[in-house]
Amino acid sequence: METAEFLEILDREGRLLAAAAAEAGLDAPVPACPEWQVRDLLRHTGTIHRWAAGVVGDAGTSPRPVPEPPDIDGTELTDWYRDGHRRLVGTLRDAPQDVSCWTFHPAPVASPLAFWLRRQAHETTVHRYDAEAARGGPATPVGTGFAVDGIDELLRGFHARSRSRVRSEHPRVLGVRTMDTDAAWTVRLSEGPPVTEPGAPRDAMAELAGPADQLYLALWNRVPVPKVIGDPALVNLWLTNSGI
């Protein structure tokens, strides 16, 4: 996907998140995050938006800790979230294409700007889904191509990091497959971080599959996996330990 597409998605998803939060109300529980109400969702997402904007806007090359969310509520919180989202979109839109800044896993095509556009588009989309789930009613669909990209980022980005908790004493192979596109992944589990390669495995012991949009949400622990095949213990290992 092109950076302009990620920027457009980030802009749209952030606005949808704010609208759904307003309809749900700040007291509404967030189904996928049992300890959260909508106010916590706004505080978290707004803090991440400002943090990312700061990394890119300052061209910081060292890791920057995520700050604590502000202790604000009501209309002040809603306005603060909207302002932070606008600031992030503007910062990423105006940043030089060759900006050099820190990223927390490898940047696509060696571009930190592309990393942050991609990461914040997916961050905001998942939490937009959370806001719509809190509101109730139908959720805005996730585009198929964007969902495929998000699955790839999750498997080959997040779960390639040392902090991934998906580990296995004995080598195991998990397949991940979209049922409405040709996209598939081979996830090799061991005592180290998972190693994921594009393409369907020939030696999979279990497989997680589904339409790309539903599989995307399932791998982010928002909905059940549409189709599960193979070794139940391996599937349970992944589902139990893969939360980010």
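It should be noted that the structure appears before, not after, this text.
A. Layout of the overall build of the chain. Broken down by element type, the chain carries 7 helices and 7 strands. Shown N-terminal to C-terminal, the secondary structure of the chain runs as helices and strands in the order α-β-β-α-α-α-α-β-β-β-β-α-β-α. For 244 residues, the compact-globule estimate of 2.2 N^0.38 gives 18 Å, and the C-alpha radius of gyration of the chain, at 18 Å, lies within 12% of that figure. C-alpha atoms of the chain, sized along the principal axes, occupy 50 × 40 × 30 Å. Counting over 244 residues, the chain shows a buried share of 52%.

B. Inspection of the packing of helix α4 (residues 112-135) against helix α5 (residues 144-156) at higher detail. Two elements in contact, α4 and α5, have axes separated by 11 Å at closest approach and are oriented at 105°. In this view, α4 runs roughly perpendicular relative to α5, as classed from their interaxial angle. For the pair formed by α4 and α5, the contact residues are R118, R119, A121, H122 and T125 on the first element and F146, D149, G150, D152 and E153 on the second. A breakdown of the residues in the contact of α4 with α5 according to their chemical character gives 2 nonpolar, 3 polar and 5 charged.

C. Summary view of the pattern of salt bridges. Inspection of every chain in the model, using the stated rule, returns 21 salt bridges. A salt bridge links R128 to E13; the shortest N-O distance between them is 2.5 Å. Linking R128 in helix α4 with E13 in helix α1 (residues 3-24), this pair joins segments that are 115 residues apart in sequence. Each member of the pair, R128 together with E13, is buried. One salt bridge connects R39 with D73, and the closest N-O pair in it is separated by 3.0 Å. Linking R39 in helix α2 (residues 38-57) with D73 in the loop between α2 and α3 (74-94), this pair joins segments that are 34 residues apart in sequence. Take R39: its relative accessible area is 13%, and that puts it in the buried class.

D. The nonpolar core, seen in detail. In this structure, L92, W116, V176, Y216 and W238 are the most contacted members of the largest nonpolar core, which totals 55 residues. The leading source of residues in this core is α4, at 7 residues. Residues within four places of Y216 in sequence aside, it is in contact with H122, T125, V126, V142, F146, A147, G150 and I151.

E. Layout of the packing of α5 against helix α6 (residues 212-219). Where α5 contacts α6, the axes come no closer than 8 Å and their chain directions differ by 35°. When the axes of α5 and α6 are compared, the crossing they make is left-handed. Along its contact with α5, which presents T144, F146, A147, V148, G150, I151 and L154, the element α6 presents A212, D213, L215, Y216 and L219. Its residues assigned to classes, the contact of α5 with α6 shows 9 nonpolar, 2 polar and 1 charged.

Conventions used here
Residues numbered from 1 in each chain as written. Predicted model: local features only at pLDDT ≥ 70, side-chain atom pairs only at ≥ 80, totals over all residues. Heavy atoms only, no water. Helix = DSSP H or I, 4+ residues; strand = E, 2+ residues; numbered from the N terminus. Rg over C-alpha atoms; globule rule 2.2 N^0.38 Å. Buried < 20%, exposed > 50% of the residue type's maximum accessible area, 1.4 Å probe, protein only. Axes fitted to C-alpha atoms, helices over the stretch in contact; angles between N-to-C directions. Parallel < 35°, antiparallel > 145°, perpendicular 65-115°, else oblique. Contact = heavy atoms within 4.5 Å. Nonpolar A, V, L, I, M, F, W, Y, C, P; charged D, E, K, R; others polar. Salt bridge = Lys/Arg side-chain N within 4 Å of Asp/Glu carboxyl O. Core = buried A, V, L, I, M, F, W, Y, C linked by side-chain atoms within 4.5 Å. Left-handed = near helix turned anticlockwise from the far one by under 90°.

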